[in-house]
Each structure stands twice: as structure tokens, then as C-alpha cells.
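One-letter residues, chain by chain:
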Amino acid sequence: MTMPRVAVIGAGTMGHGIAELFAIAGYEVHLTDILQEILDKALKSIEESLKKVKERGLLKEDVSAVLSRIKPFVNDVCGAVGGVELVVEAVVEDIEVKKRVFAEADRCAPPEAVLATNTSSLPITEIAEAVRPDRRPKVVGMHFFNPPVLMPLVEIVKGKYTNDETVKKVVDYTKKLGKEPVVVNKDVPGFIVNRILARLNDSACWLVARGLATPETVDAVAMYKVGLPMGVFLLLDFVGIDVACFVAEAMRKRGFGGGSCPVIAEKCQQKKYGVKAGEGFYKYPAPGKFTRPNIPKELSDKLDPVALFAPAVNEAAYLLRDGVATREDIDKAVKLGLNWPKGPLELADEMGIDTVVKALEEWTSMGFKELAPDPLLLQLAKEGKLGRKTGEGFYKYAKSVVIAVTETLEKLYGEPIKQLESLITATGVPVYRDPRSGALLWVDVREMRLRFTLSVNKLEKFVEGLQRGRLMYTQCRRCGAKYFPPQVDCPRCKTSDVEWRETSTEGELITWTVINVKPASFSHHGDYVVGIVKMPDGFNVTAWIDADPKALKPGMKVRLVVDRRLGENYITYWFKPA
Ligand code: CAA
Ligand code: NAD
């Protein structure tokens, strides 16, 4: 049986990663670029990346077996596309170059082959016009995210001529690569994710240009307050500021409103392109060598996240209103394409639609006419659909935490409660203090029910425990039963006379398995080792095990690790072999 064959044209940042993905999925990959040395460098990067994938236990085959499926073609688009079923073009973001490549691929590829472009911003329809009319229905956008091996999303963009069969085929290819597809119904500049990202880049840039923030402050807010994996300026450095400038310029040429902000443009002029140049907004040890800069967490209090994110939310509202994608797909695309913990519409609901509208009005009053609140936001605000706090915004919510807490207290006291003071929401457990009694109230996210206690001491201990990022359990003082996860009341004897304790940091591995976590439910997709660990404190904990499953043995000691890399929102507990 012959191996299915694909061609990848362009072996740069994106092309080499896309080639790697197809090779992992079992395809023979014809990889072409204009120079031998670019192909050599690409193959070396693919090998390094494959080794990392292997180390993480995500590759069954040997690295060399996967590599042997990638065949380099030097400056030979025609040779590379011979006998392939799919061509993915990832050459520079220049419409003329792309058109030439497509004309050549059309001439030499089998008539049934699909021709896809990884363009970030250029019109699929215009690229399709470079091929013969009978091929145009087979031209489509297949937009990967950087780095393709790690980012779960592929945007599949329909041009004017793209037919449904082509979209279906590319959806199938995407799934075979282990990625999640989102279909973009209209060929708008920047599709979904880059439009939303462009608004965030712009607002960040103007906040700095107007002296209201520094790049570090913006990045601290984005990472530590909102939970993005990289700050706005750090991501610009990571992607390449030159790429961002090309993309922004191409989008502006096609009518995407907004002026060019000097802070990013200056870096482009100075050729300080970010990681690839060794310097951008931050400095790196050497060109191409990425290390995370130190961005102090304290800075995250110096800027209102709503001012920074409102323009991105506005763009998402426009995309929804214009039918470019569904509400769920817009949020999914941003969560999987940029690894945000929440989509922009979910964020809007959390921030409050009225608060977002107000922030946009402020931007507009400063002369940013393109940031006038979208009619959809205005309509939601008018209807009182302000997001989580009212039970409905872009999405419907069972009942907002604040409303549930307020209603419970009102029932208890028989009179209205004016305002609840929120103590902590960052750990994902919202806790409110009732100003009258001092009682602390919180929603048990596991059981989805409201719990409250007048025993302030105990709940504060619980919250403190979360803040410190330790694993806590409770022990009933009456019957001695231990509960993990902790319980405010002892479920057995119904008393709140429980003691809060920290677990030991070492346990014994009983059993484990590898599970596949699907992207739709969790932003970190892929295979994970999940094990049961017996703690000396007398209970079993089900947890992630950070190790190659082959290295695990029953009875081995494992040590608790708390990961707070992504800020307080994302405390993760896992175990490593001790
Ligand atoms: N190949 C294989 N594995 C790799 C790798 C590679 N090239 N690079 C890193 N890894 C592995 C690491 O070894 C590490 O593994 P362990 O957890 O086992 O140690 C794991 O991946 C995570 O890497 P890091 O710990 O180094 O870094 P991280 O936790 O910050 O994750 C990231 C990296 C996934 C890139 C994350 O920072 C992130 O999501 N950043 C945002 C990226 C983003 O938004 N991309 C889209 C840009 S926009 C775009 O692409 C569209 C456009 O058109 C311009
Ligand atoms: P890059 O500059 O790293 O790579 C482009 C490669 O194309 C270069 O190696 C170049 O030599 C090669 N090339 C140019 N003309 C060619 C031709 N005629 N035939 C064969 N190869 C040719 O750029 P990149 O960042 O990989 O971007 C490639 C495409 O992917 C662009 O359309 C870009 O907008 C898009 N994209 C980039 C990113 C990103 O974060 N960098 C993310 C998603 C999509």
C-alpha cells in the first residue's frame, strides 16, 4: 500500500512545523523551499521538536522513522506536488509570491489535489484566482498557529469558490493531525483569531504609546489577571514582530479599520523582530533562542484589564453579528489558537457587557472611531443582558454566583443585601463576605452548590490554603473522618467542627493509565498520564502524573508538585516520581 502523500511549500517557521505534523500522522511529506540550507535547517528543527514530542511520551514511533517520511525538494514546487493529495502553502505573506506558487502547484499537482494556504490574512479568493477555474473549488485556507506542533487549532477558511467537499476534506485532514478545526464562513481579513489578536495588539500598543502602561505592565495583566499563556508583547516577540507588521498591513489594506500604532511599527523599522533577532520588546540570549523574560506579577495591578481587552471583545461581537462564525466557534478558535483560558465572548460575560461598552466608549472618545461599541454589545446592554452577573450575556448562566449568594442571605435575614465584598476569585473559588454578619460564602464548584459558614476562621484557612497553592484536606474533630477534597462540613456527622490540614507531599503510586483529553473541554489537549496515589494521610488522590508511563511502577514514591506558572488562575497539582 502506498503512503498518502502531501506537499508543504515553504519550510520556515510554519512550514517546518506543518511538515512535522503530517509526518507524525503517517503521511509522506514533500517539503520544498528555495534553498538547500533552509531545508537543512528545517529538518534539523523538525528533528529537535520530534525528540521533545518523544520525550513527552506522545510519539509511538522512533524519531528517525518519522523523519524518513519527509523528502526535501530544493526550489522545486512542481516536483514536490507530483502525486500528492494535498498541498499546504506556507511561503512568505506576499500575495504575488503566493499567486506564483499556486499557479505552479496547479500546473503540476494531480487534478483532484486540494490546494490549501496557511496565509494569516490574505484573501483566499484572490489566491484561488491564480489557478485554473476548474481547480478553484479546491482552494481553501488551512491556517495553523505558531508553533503548529503545540497549538491545537486549525482555521479552515472558505473563499468565494471553495466547495463543501473541499472543506470536508480539510476538516478530515485536520482531525487526522490531532487538531481541532473551526470553519470560517467568510473570507474576512485576518479570519477569526488574527482579527481578535490584532485588536488586542493595537490596544496594548496604544496604551503604551499614550504612556498609560509599559509593555511589562500590559503583559503582567494579560498573563496574571486574565490567564493568557504569554503577554501581548511577549507573544509579538515569539511570533515575530515582522510577521505581525505584515499581517496588520495586509489586513489594513483590505479595510480592517485602525491606524498603525508607533510602538510596534518602530520595532519593525529597527528590525528588532523579537526572538528571531535576539531582541524585540524583550532581550533574548541569542537570535532564535527563546527564554521567558521576568515579568513581575505586582505590575498586574497597574492597569485595568477591561481597557486592554474591550477592543478584542468588540471584534468578536462583530464576527458573531456578521455571521463569520458561531458564538461557540469564535470562543473555541481563540481558546485553541491562542491558548486563552476563556474566549473573548466568555470574557465579556465575566467582565460585564456594560463595563466593556463603557471602556469602548472611552476608546472612541479618544479618537479611535473603529472601536465604537458594536451594535450587538449595545443591544445586549439595552436588554440588561450584562453577562454572568445578570445570568445572561452572550451565554446563559444557571445563576450568577453573586445573585445566588445574595438571595441566600436575603432569605436568611429577610431584608435586602446591598453589596457583597468579593474576597478572592483568582483561585477559581469565589468567596464573598457578607458585610453584615462577616459570614463567608462560596460556591462549591465540584457540587455546584452554595455553601456558607459563619465560622470565618475555617473558610479563611481554606482560602489561604488555595492561595498558597497547597493541597488541603479536612478532618472531622468528632468522628475523625478525613476528606479530600476538603469539606466545610463533615458529610458523615454534619458538623462544621472540622480541622483544615495540608496533605503530605509524598505518596505511593497505586495504578495509572493514559487518557486522551479532548481539546473542546480542556485547553491542554493530548495524552495525559493519570494515576491514583495513596497518601500517608489515609486517602487516595487521583492526579496527573508527570512522567513517561513506561517509567512508572506500582508502589513507587511520587512527590507532589504545584504548578503556578500561568498565574493564580491555573494552579495545577501533579505528581512526579520522587
Ligand atoms: N516541539 C515539541 N515540543 C515542544 C516544542 C516544540 N517546538 N516547544 C516546546 N515544546 C514542549 C516543551 O518541551 C514543554 O514540554 P514539557 O511540558 O514536557 O516540559 C511543553 O512543550 C511546553 O513548553 P514550555 O514549557 O517551554 O512553554 P509553555 O508552557 O509556555 O508553552 C506555548 C508553550 C504552548 C507556546 C505557550 O506559551 C502558548 O500557548 N503561547 C501562546 C502561543 C500563541 O498564542 N500562538 C499563536 C500565535 S498567533 C498565530 O500563530 C497566527 C498567525 O497567523 C500569526
Ligand atoms: P517564514 O519567513 O519563516 O517562512 C517562509 C518560507 O517560505 C521561507 O523559508 C522562504 O524561503 C520560503 N519561500 C519563499 N518563497 C518561496 C517559494 N517560491 N517557494 C518555496 N518556498 C518559498 O514565514 P512563516 O512565519 O513560516 O510564515 C509563512 C506563512 O504562514 C505566511 O503566510 C504567514 O502569514 C503564515 N503564518 C505565520 C505564522 C507565524 O506565527 N509566523 C502563524 C500562522 C500563519
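Our subject is the structure that appears above.
Residues numbered from 1 in each chain as written. Chains lettered and ligands numbered in written order. Predicted model: local features only at pLDDT ≥ 70, side-chain atom pairs only at ≥ 80, totals over all residues. Heavy atoms only, no water.

Looking at the site of ligand 2
Taken together, 23 residues surround ligand 2, and among them Met14, Asp33, Glu93, Lys98 and Ser120 come closest. Contact distances for ligand 2 include 3.3 Å between an oxygen atom and a backbone N or O atom of Val91. For ligand 2, whose free accessible area comes to 830 Å², the fraction covered by protein is 85%. Of all the secondary structure elements, the ones that give two or more residues to the shell around ligand 2 are helix 1 (13-24), helix 5 (95-108) and strand 6 (139-144). Counting residues per element, the shell around ligand 2 draws most heavily on helix 5, at three residues. Broken down by class, the residue content of the shell around ligand 2 amounts to 12 nonpolar, eight polar and three charged. (Near = heavy atom within 4 Å. Polar contact = N/O pair within 3.5 Å; in protein donor to acceptor, adjacent residues only side chain to side chain. Areas by Shrake-Rupley, 256 points an atom, 1.4 Å probe, with all protein chains shown as cover. Helix = DSSP H or I, 4+ residues; strand = E, 2+ residues; numbered from the N terminus. Nonpolar A, V, L, I, M, F, W, Y, C, P; charged D, E, K, R; others polar.)

Some words on the nonpolar core
Counting 103 residues, the largest nonpolar core has Val81, Ile192, Phe309 and Phe394 as its most contacted members. Setting aside residues up to four positions removed in sequence, Phe309 forms contacts with Leu200, Ala222, Val226, Leu228, Trp340, Leu347 and Met351. Ranked by size, the runner-up nonpolar core spans 38 residues in total, among them Met14, Ala19, Leu31 and Ala42. (Core = buried A, V, L, I, M, F, W, Y, C linked by side-chain atoms within 4.5 Å. Buried < 20%, exposed > 50% of the residue type's maximum accessible area, 1.4 Å probe, protein only. Contact = heavy atoms within 4.5 Å.)

Description of the sheet that holds strand 7 (residues 153-157)
In space, the eight strands of this open sheet follow the order 3-2-1-4-5-6-7-8, with mixed pairing throughout. Each edge of the open sheet carries a strand with a single partner, namely strand 3 (70-74) and strand 8 (180-184). Going from strand to strand, the sheet's axes swing by 25° on average, the running direction of each strand aside. Where strand 7 and strand 8 come together, five bridges link them in parallel fashion. Looking at the pairing, Ile156 lines up with Val183 of strand 8. Of the strands in this sheet, strand 1 (5-9), strand 4 (86-89), strand 5 (114-117) and strand 6 are in contact with helix 5, which crosses strand 5 at around 165°. (Pairing = 2+ DSSP bridges. Axes fitted to C-alpha atoms, helices over the stretch in contact; angles between N-to-C directions.)

So, the sheet that holds strand 13 (residues 472-476)
Across a sheet, strands are paired by hydrogen bonds formed along the backbone, either parallel or antiparallel in direction. On the basis of which strands lie adjacent, the open sheet formed by three strands has the order 14-13-15 and antiparallel pairing. Unpaired on one side and paired on the other, strand 14 (482-483) and strand 15 (498-502) mark the two borders of the sheet.

Focus: the state of the cysteines
Under the defined criterion, the tally for this structure stands at three disulfides. A sulfur-sulfur distance of 2.0 Å marks the disulfide that ties Cys205 to Cys261. Taking the sign of the S-S torsion, about -90° here, the bridge from Cys205 to Cys261 comes out left-handed. You can see Cys205 sitting in helix 8 (residues 193-209) and its partner Cys261 sitting in the loop between helix 11 (241-253) and helix 12 (262-269), a full 56 residues away along the chain. The buried category is assigned to Cys261, whose relative accessible area is 6%. A disulfide bridge connects Cys245 with Cys268, and the sulfur atoms are separated by 2.1 Å. On the sign convention where negative means left-handed, the S-S torsion of about 105° between Cys245 and Cys268 marks this disulfide as right-handed. With Cys245 in helix 11 and Cys268 in helix 12, the pair connects residues that are 23 residues apart, well separated along the chain. Look at the chain and number its bonded cysteines as they come in the sequence; the links are 1-2, 3-5, 4-6. No disulfide involves Cys479; its nearest neighbouring cysteine sulfur is the one of Cys476, lying 3.8 Å away. The exposure class assigned to Cys479 is partly exposed, which follows from its relative accessible area of 32%. (Disulfide = S-S within 2.5 Å.)

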